[in-house]
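# Summary of the model geometry
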Amino acid sequence: DLTDTRGRLEVLREEADEYRSGHQASNQQLESLGARLAQMTARAEQIEHELEQYRAATETSLKDARAELVELRQAKESAEADLGDRLQSTTEKLISTQDALASEQAARRSAEKSADSANMQAEELAFQLNQSRRQLKAAQLVRNQAASRQAAG
């Protein structure tokens, strides 16, 4: 009976040793899995932190880009308005210059007509002067001839 009990006790010890061995292996696996889980959790937290930093940076960049876009639109609108004003001013100056040029050309044509008229009058006066000189010479000739006849006769 004692031998039988010892045999059973020995079997129970072996089973206990196997169980402890298996339990110890399971504990080691659990510890290894726990360490791996801790590493993965740390990496996931790191990725989440990096993702949050990326989101914040992207959001800031997006805000900056939107603000720059608003500034560029305002600058464009201002430039377009300024360009419109300059174009209007230049157009007005061009029209004014064209009007002044047309007026100047009309005055020049009028002056040319007046000059042509004055030239024609001068030519007429020169012609009349030449006729008067001829008449004067003819009268002087007649007078000289009459004076010569009177002196001779």
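See the structure printed just above.
Below or above, wherever it landed, is the structure these notes cover. (Residues numbered from 1 in each chain as written. Predicted model: local features only at pLDDT ≥ 70, side-chain atom pairs only at ≥ 80, totals over all residues. Heavy atoms only, no water.)

## Thoughts on the overall build of the protein
The test is simple: Labels follow the DSSP assignment, with helices taken as runs of H or I lasting at least four residues and strands as runs of E lasting at least two, numbered in each case from the N terminus. It is over C-alpha atoms that the radius of gyration is taken, and the globule rule equals 2.2 Å times the number of residues to the power 0.38. The cut-offs for exposure are 20% and 50% of the maximum accessible area for each residue type, with area from a 1.4 Å probe on protein chains only; residues under the lower value are buried, those over the upper are exposed, and the others partly exposed. To measure how exposed things are, a 1.4 Å probe is used in the Shrake-Rupley method; for residues, cover is taken only from the protein chains shown. Counting rule for charge: Lys and Arg are taken as positive, Asp and Glu as negative, and neither His nor the chain ends is counted. To locate a charge, take NZ of a lysine, CZ of an arginine, CG of an aspartate or CD of a glutamate.
Each helix and strand in the protein was counted, giving 1 helix and 0 strands. Taking 153 residues into account, the globule formula puts the C-alpha radius of gyration at 15 Å, and the protein, at 64 Å, lies well above it. Judged by the C-alpha coordinates and their principal axes, the protein covers about 215 × 25 × 15 Å. Looking at the protein as a whole, 0% of its 153 residues are labelled buried. When the accessible area of the protein is evaluated, it comes to approximately 14000 Å², of which 54% is carbon and sulfur surface. Both charge centroids of the protein, one from 21 positive and one from 27 negative side chains, sit 24 Å from each other.

## As for the pattern of salt bridges
So the rule is basically this: Put simply, a salt bridge is a Lys or Arg side-chain nitrogen that is within 4 Å of an Asp or Glu carboxyl oxygen.
According to the stated counting rule, one finds 5 salt bridges in the structure shown. Between R55 and E52 there is a salt bridge; the shortest N-O distance is 3.6 Å. Here R55 pairs with E52, and both are found in helix α1 (residues 2-152), just 3 residues apart, close to one helical turn. Taking the shortest distance from any N to any O, the salt bridge between R86 and D82 comes out at 3.3 Å. Placement of both R86 and D82 in helix α1 is noted, with a separation of 4 residues, approximately one turn of the helix.

## Examining the environment of L62
Summarising the element assignment, L62 is placed in helix α1. It is 107 Å that separates the C-alpha atoms of L62 and L136, two residues lying 74 residues apart in sequence.

## Details of a negative patch on the surface
Note the following rule: Nonpolar side chains (Val, Leu, Ile, Met, Phe, Trp, Tyr) are joined into patches within 5 Å and like charges within 9 Å, using only residues with over 30% relative accessible area and no salt bridge.
Judged by side-chain charge, E10, E14, E15 and E18 come together as a negatively charged surface patch. Within the fold, E15 resides in helix α1.

## A closer look at the environment of Q128
Within the fold, Q128 resides in helix α1. Each C-alpha atom of the pair Q128 and E68 lies 87 Å from the other, and the pair is 60 residues apart in sequence.

## Side note on the environment of S89
Checked against the element boundaries, S89 lands in helix α1. The class of S89 is partly exposed, set by a relative accessible area of 30%. The sequence separation of S89 and S103 amounts to 14 residues, and the corresponding C-alpha distance is 21 Å.

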